[in-house]
Amino acid sequence: MKKKIIIFLLILAFLACLLGLGVWYLNSYYLPQKLKVQITQTLSEKLNAHVALRDIKFSLFKGIIIEDVRIAEQKGAEPVFRIKHLSARFLLLPSFKQKKIIFPSINIKDAELTIVRLKDGTLNLTKFLPQEESKTSASANIPFLIYRVTIADSQITFVDNVIEASEKQTLALTKVSALPGPAHISVQIQATLSNEKQATPLEFLGKYIYATKKIEAALNVKRLNALPYLAYAKQLPIDVKAFTFDSILINSDYSLLKKQLALSTKANISNAYLAKDQLLLSGAAAILEASVTMDLQKANITGYDITLRNIKAEFQAPQLPAKTFIHDAKLTIRPQGLKIEAAKARLLDTIINCSGTLEDFANPTYTFVLSSYFPLTKAQDIAARYVPGINSFTFDGS
């Protein structure tokens, strides 16, 4: 019995030595000297860029570990993409059975991506994309399977050189999780969007469907100053001086084939200041329901339908004798014009019901219907004070 135990222990010791020698060989020669060179050369050729990584090694507990990956346009340039730490566990025996390397999880930490919109409207990332897509099935050529990707403590920086006075936008990724499936990839993101003036937490749930090449996504944002982002809406018919979302939920449908984006939004708005000619709507609050379609190739809005409910605001116009306080109004904005319904306004301590339309933003035609009830003596006083030449009229009845 003792002899069998000794033989068993010797076999274990022999296997441990083999395993130790294998790990030593991988970390001392194969990974840092052969595989590292193969990875950097292959990626540099595929991306037409300079790819470098500081170290690659193997751990029995974490799998493959890659340190400090950098992708830049050329050697010595600032990296467009950088990963400080990447670890990938893989299953050995199932990989032999399926003839594919199986990764149960890939973990990325401290990644940085810089996206720049150049003067000609293109993105700097397009330089790193392959010129031609493969016509063969994507799943047939992939030599590996990935079950989960997790990204933590990373950030995406966006700089726009097309929009004047554009602020640098930074998306700090607290956690990103991607779970590939047989029909789609599910993505969950927790992040903070920030610029020089604000920091906004957001949550994102998305799904990429292989068959239709569509992205379906939902974005939940808390307290966002929307003014820096309205520069992309070149066709807005009004001048927006301030616009804040207290909360916003956006559902999107993006077609990669048509390069079109459809958005539907529901949000609570506060602190909005809108102007058109000499008209000013200030301190506005409302519930927003909107749908927008965009051509991403041309960065243009191709259609929109915007409805604002429960509007509360202060309204000023040169035709009005004083500031007007609006509440319970409904405003619909479309490319053809805008429509006001069920609005109640308080002007000179008098409640006025208002509805109307504005047609053709380029050459506007206004139609408004106002109704109110107040004493005739007050009506005559208002007319005499604010409407020149009205003094000769006499008001009778009620």
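Rules and cut-offs
- Counting from 1, residues in each chain are numbered in the order their sequence is written.
- Selection of residues for local features in this predicted model requires a pLDDT of at least 70, selection of side-chain atom pairs for listing and counting requires 80 or more, and totals for whole chains, interfaces and linings are taken over all residues.
- For side-chain calculations, the full set of non-hydrogen atoms in the structure is used, while hydrogens and water are omitted.
- Helix and strand assignments come from DSSP, with helices taken as H or I runs of at least 4 residues and strands as E runs of at least 2, each series counted from the N terminus.
- Each residue is assigned to one of three classes by its accessible area relative to the maximum for its type, calculated with a 1.4 Å probe on protein chains only: buried under 20%, partly exposed between the two thresholds, exposed over 50%.
- All accessibility values rest on the Shrake-Rupley procedure with a 1.4 Å probe; residue burial counts only the protein chains present in the view.
- Here, a strand pair is defined by DSSP locating no fewer than two bridges between the strands.
- Take a side-chain nitrogen of Lys or Arg and a carboxyl oxygen of Asp or Glu: if they are within 4 Å of each other, that pair is a salt bridge.
- Two residues form a contact once any of their heavy atoms are found within 4.5 Å.
- Definition of nonpolar core: a set of buried residues of the types Ala, Val, Leu, Ile, Met, Phe, Trp, Tyr and Cys, connected through side-chain atoms within 4.5 Å.
- The pairing test for Phe, Tyr and Trp rings, Trp by its six-membered ring, is centres within 6.5 Å, and the orientation test on the planes gives stacked under 30 degrees, edge-to-face over 60, and tilted for anything in between.
- Throughout this description, a polar contact denotes any pair of N or O atoms lying within 3.5 Å of each other; where both atoms belong to protein, one of them has to be capable of donating a hydrogen while the other can accept it, and for residues adjacent in sequence the pair is counted only when both atoms sit in side chains.
- The predictor's confidence in any single residue is recorded as pLDDT, a number from 0 to 100.

## With respect to the overall build of the chain
Assigned secondary structure in the chain consists of four helices and 18 strands. Buried residues in the chain amount to 31% of all 398 residues. As displayed, the chain offers around 25700 Å² of accessible surface, 60% of which is attributable to carbon and sulfur atoms.

## Remarks on the pairing of strand β18 (residues 365-372)
Consecutive side chains of a regular strand alternate in pointing toward one face of the sheet and then the other. Strand direction decides the pairing type here: strand β17 (residues 350-359) and β18, joined by eight bridges, are antiparallel. Looking across to β18, one finds that S355 is bridged to V369. Turn length for the β17-β18 hairpin, with the two strands adjacent in sequence and antiparallel, is five residues, and the turn residue D360 shows positive phi of about 60°.

## Considering the pattern of salt bridges
All told, the structure shown has ten salt bridges when counted by the stated rule. Notably, a salt bridge pairs R82 with D68, separated by 3.0 Å at the nearest N-O pair. Taken together, the residues R82 in strand β3 (residues 81-91) and D68 in strand β2 (residues 63-72) connect sequence positions 14 residues apart. The class of D68 is buried, set by a relative accessible area of 14%. The partner of K214 in a salt bridge is D253, with the nearest N and O atoms 4.0 Å apart. Of this pair, K214 sits in strand β10 (residues 214-225) while D253 sits in strand β11 (residues 239-255), and the two are 39 residues apart along the sequence. Salt bridges here are not isolated pairs; linked through shared partners, they connect D68, R70 and R82.

## Focus on the environment of F128
Take F128: it is sitting in the loop between β4 (101-117) and α3 (138-141). Given the relative accessible area of 9%, F128 is considered buried. When the C-alpha atoms of F128 and I71 are compared, they prove to be 9.3 Å apart, with 57 residues separating the residues in sequence. Not counting chain neighbours up to four residues away, the residues in contact with F128 comprise K46, L47, A49, I71, A72, E73 and V80.

## With respect to the side chain of S252
As for its position among the elements, S252 is in strand β11. Since its relative accessible area comes to 19%, S252 is described here as buried. If we skip the residues at most four places from it in the chain, S252 touches I215, E216, A217, L261, A262 and L263.

## Some details on the pairing of β11
Here β10 runs beside β11; their pairing, made up of eleven bridges, is antiparallel. Residue pairing across strands places K222 opposite S247, the latter belonging to β11. Bridge analysis of β11 against strand β12 (residues 260-276) gives 14 bridges, and the strand direction is antiparallel. Paired with S255 across the strands is Q260, a residue of β12.

## Focus on unusual backbone geometry
Look at D328: it is not a glycine, yet its phi comes out positive at around 60°. With a relative accessible area of 42%, D328 lands in the partly exposed category. Phi at D360 is positive, roughly 60°, even though this residue is not glycine. Considering the arrangement of structural elements, one finds D360 in the loop between β17 and β18.

## Observations regarding the nonpolar core
With 58 residues, the main nonpolar core has F243, F245 and L288 as its most contacted residues. Those residues in contact with F243 that lie beyond four places of it in its chain are L224, N225, A226, L227, L230, I269, S270, N271, A272 and L274. Ranked by size, the runner-up nonpolar core spans six residues in total, among them L47, A49, I71 and F128.

## Observations regarding the packing of aromatic side chains
Within the structure shown, the criterion is met by two aromatic pairs. Residues Y208 and Y210 carry aromatic rings whose centres are separated by 6.0 Å and whose planes lie at 75° to one another, so their mutual orientation is edge-to-face. Looking at Y208, the relative accessible area reads 25%, which means it is partly exposed. The class of Y210 is partly exposed, set by a relative accessible area of 32%.

## Concerning the environment of D305
For D305, the location among the structural elements is in strand β14 (residues 300-316). When its relative accessible area of 25% is taken as the criterion, D305 is described as partly exposed. Placed 27 residues apart in sequence, D305 and T332 show a C-alpha to C-alpha distance of 7.4 Å. Apart from the residues within four sequence positions on either side, D305 is in contact with E289, A290, S291, T332, I333 and R334. A polar contact of 2.8 Å, which involves the side chain of D305, links it to the side chain of R334.

## Quick word on the confidence of the model for the chain
For the chain, the mean per-residue pLDDT works out to 79, and 84% of the residues sit at or above 70. Averaged pLDDT values for the elements of the chain fall to 44 in α3 and rise to 90 in β2. Across residues 133-140, where pLDDT falls below 50, the model places four contacts with residues more than four positions away in sequence or in other chains.

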